[in-house]
Amino acid sequence: MTQFPISTDLVAEHNNGDRPALDEDYAALSARLARKGMNIDSIKDQVKDFGVAVPSWGAGRGGTRFAKFPLAGEPTNIHEKLEDCAVIHQLGQATPRVSPHFPWDCVDDYGALREEAADLGLGFDAVNSNTFQDQVGQAQTYATGSLASTVPATREQAVAHNIDCIEIGRKLGSESLTVWVGDGTNFPGQQDLGSSFDRYVEAASQIYAALPDDWTMMLEHKMFEPAFYSSIISDWGSSLMAAQELGEKAKCLVDLGHHAPNVNIEQIVARLNRAGKLGGFHFNDSKYGDDDLDSGSINPHQLFLVFNELVEAANKSDGPFNPSYMIDQSHNVTDPIESMISSSETIAGCYAKALLVDRDALHAAQHDNDVMLAFRTLRAAYSTDVAPILAMARAENGGAIDWLGVYRKSQYRERKAQERKAVGLGAGIV
Ligand SMILES: [Mn+2]
């Protein structure tokens with residue numbers, strides 16, 4: 001029996017009140033889609049099966065480089081984070097897995113942690129290693145790099161930590177390791193740009209060698225920060241080169257905030273897919289840089305265009321097409337539970353809109369170079385209000401039609417503020 005953190009009676013009571021209006025809206029959209037030859041139930045069923053992982057580190061309040069403003073009742077350890085992630089999934093029904101980060105989420109007994117998550121209705125997604133900050137008692141510093149360090153002992157330490165993460169992940173039921181390193185330089189001339197990449201690939205190949213056969217090693221690129229002159233895996237080209245050198249189980253992870261402003265990310269998605277190297281995503285949104293804002297809060301159209309490529313790729317795929325979907329956001333001014341339900345709804349909504357694209361009409365217009373018809377075909381799907389599909393999928397899966405109303409009525413955060421120890425003031429990026 002799943003232990004639901006929010007009263008199921010409260011969810012049912014709200015849903016009973018909200019259901020008549022939803023039924024009306026759903027029927028109206030159903031009729032509208034039927035006129036175009038589309039079956040709303042088929043779209044809804046695909047949305048019901050859609051899942052995006054939430055990051056354990058996103059359950060707490062994030063910070064900027066300047067400050068962090070703690071939220072009363074925010075989680076302070078992996079057990080409390082799991083409980084909050086269970087609320088997100090219970091009400092939103094789109095986030096069945098949690099992506100943990102080590103050593104931030106270290107415990108003594110990972111078998112017990114896996115059971116604890118399962119009792120809450122959750123599984124584990126990709127494990128994330130951390131060689132971008134030093135830990136207490138660590139022999140070598142990562143101040144000038146980790147996998148690409150000029151110091152052999154530092155590279156060995158970074159490799160060993162990643163292999164530890166794989167071992168933890170096996171106990172948790174995970175099937176992938178995400179590797180992001182902060183390695184790079186702040187000054188021209190600080191390191192040789194060619195040989196530093198060689199060192200990275202050589203060290204990464206040792207991690208790759210320890211990867212179980214059914215696992216994926218996802219390489220996450222990021223243009224800059226913490227290094228501001230050069231980053232070792234700065235872009236999808238560097239990521240693709242490394243993944244191709246490592247082997248079949250190495251793939252590229254696209255974090256939407258890790259590109260220069262206005263870069264055509266959907267084209268990067270199509271390119272990586274063509275190379276067989278599209279591993280997964282970190283969803284978030286960005287106005288200026290790696291802002292880690294809520295998914296689709298700034299540019300929902302871009303998110304839709306990414307999903308348009310994903311649906312296109314899935315349709316063309318011979319075998320299974322299942323890139324890994326994860327949220328990677330920092331919540332500085334909202335309750336992280338509310339932000340992550342809202343974001344998962346936005347992400348699922350972009351997926352639903354991409355499913356609504358009339359592919360035959362689009363392909364015909366593309367073939368005929370009918371530019372306006374091709375554009376309007378995409379735009380017709382994007383401008384469809386899919387809220388009734390999302391709400392119905394949520395309700396049928398046991399979630400809340402009005403998730404924000406139910407969450408606030410539950411007073412979950414207020415209760416946790418009484419139970420949990422307070423988080424101190426702090427600074428820093430999470
Ligand atoms: Mn990321």
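Enquirer: Give me the nonpolar core: which residues, what numbers.
Expert: Counting 100 residues, the largest nonpolar core has Leu 219, Ala 354 and Ile 389 as the members making the most contacts within it. With residues near it in sequence (within four places) discarded, Ala 354 still touches Phe 304, Phe 307, Asn 308, Leu 310, Val 311 and Ala 381.

Enquirer: Give a detailed account of the sheet that holds strand S2 (residues 97–99), specifying residues and quantitative values.
Expert: If you walk across this open sheet you meet the 3 strands as S1-S2-S3, and the pairing is parallel. Taken across any chain shown, the strands that pair with only one partner, and hence form the sheet edges, are strand S1 (54–55) and strand S3 (123–124). As paired elements, S1 and S2 share 2 bridges and run parallel to each other. Bridge assignment links Val 54 to a residue of S2, and that residue is Val 98.

Enquirer: How would you summarise the environment of Phe 187 if you had to cite specific residues and measurements?
Expert: Relative to the helices and strands, Phe 187 resides in the loop between strand S6 (184–185) and helix H6 (193–209). Taking the number of C-beta atoms within 10 Å as the measure of exposure, Phe 187 has 10 and is therefore exposed. Phe 187 sits 109 residues away from Gly 296 along the chain, and the two C-alpha atoms are 34 Å apart.

Enquirer: Provide a residue-level description of the packing of helix H2 (residues 40–49) against helix H10 (residues 336–355), including the pertinent values.
Expert: Between H2 and H10, whose axes approach to 10 Å, the crossing angle comes to 145°. Considering only the axes of H2 and H10, their crossing is right-handed. Contacts from Ile 43, Gln 46 and Val 47 of H2 reach H10 at Ala 348, Tyr 351, Ala 352 and Leu 355. A breakdown of the residues in the contact of H2 with H10 according to their chemical character gives 6 nonpolar, 1 polar and no charged.

Enquirer: Before we move on, could you go through helix H8 (residues 265–274) and cite the residues and values that matter?
Expert: Within H8, the full set of buried residues consists of Ile 265, Ile 268, Val 269, Leu 272 and Asn 273. The buried residues of H8 all sit within an arc of 135° when viewed along its axis, so they share a single face. Against the buried residues of H8 lie helix H7 (236–246), strand S9 (250–255), strand S10 (278–283) and helix H9 (300–316). Directly after H8, the chain includes Gly 276, whose backbone phi takes a positive value near 70°.

Enquirer: Explain the pairing of strand S5 (residues 176–179) to me, and be specific about the residues and the numbers.
Expert: Covered by surrounding structure in S5 are Ser 176 and Thr 178 together with Leu 177 and Val 179, the residues of both alternating faces. As paired elements, strand S4 (residues 127–128) and S5 share 2 bridges and run parallel to each other. Each bridged residue has a counterpart across the sheet, and for Asn 128 the counterpart in S5 is Thr 178. Running through helix H5 (residues 152–172), the crossover from S4 to the neighbouring parallel element S5 is right-handed.

Enquirer: Would you mind going over the pairing of strand S7 (residues 216–220) in detail, with residue names and values included?
Expert: Counting buried residues along S7, 5 of its 5 residues qualify, which places the element largely inside the surrounding structure. With 4 bridges connecting them, S5 and S7 associate as parallel partners. Its bridge partner being in S7, Ser 176 is matched across the sheet by Thr 216. In this structure, S7 lies alongside S9, joined through 4 bridges in parallel fashion. Across the sheet, residue Met 217 finds its bridge partner in S9, namely Ala 250.

What counts as what
- Residues numbered from 1 in each chain as written.
- Predicted model: local features only at pLDDT ≥ 70, side-chain atom pairs only at ≥ 80, totals over all residues.
- Core = buried A, V, L, I, M, F, W, Y, C linked by C-beta atoms within 7 Å.
- Buried ≥ 20, exposed ≤ 12 C-beta atoms within 10 Å, placed from the backbone.
- Contact = placed C-beta atoms within 7 Å.
- Pairing = 2+ DSSP bridges.
- Helix = DSSP H or I, 4+ residues; strand = E, 2+ residues; numbered from the N terminus.
- Axes fitted to C-alpha atoms, helices over the stretch in contact; angles between N-to-C directions.
- Left-handed = near helix turned anticlockwise from the far one by under 90°.
- Nonpolar A, V, L, I, M, F, W, Y, C, P; charged D, E, K, R; others polar.
- Arc of directions from axis to C-beta.
- Right-handed = clockwise from strand over helix to strand, strands pointing away.

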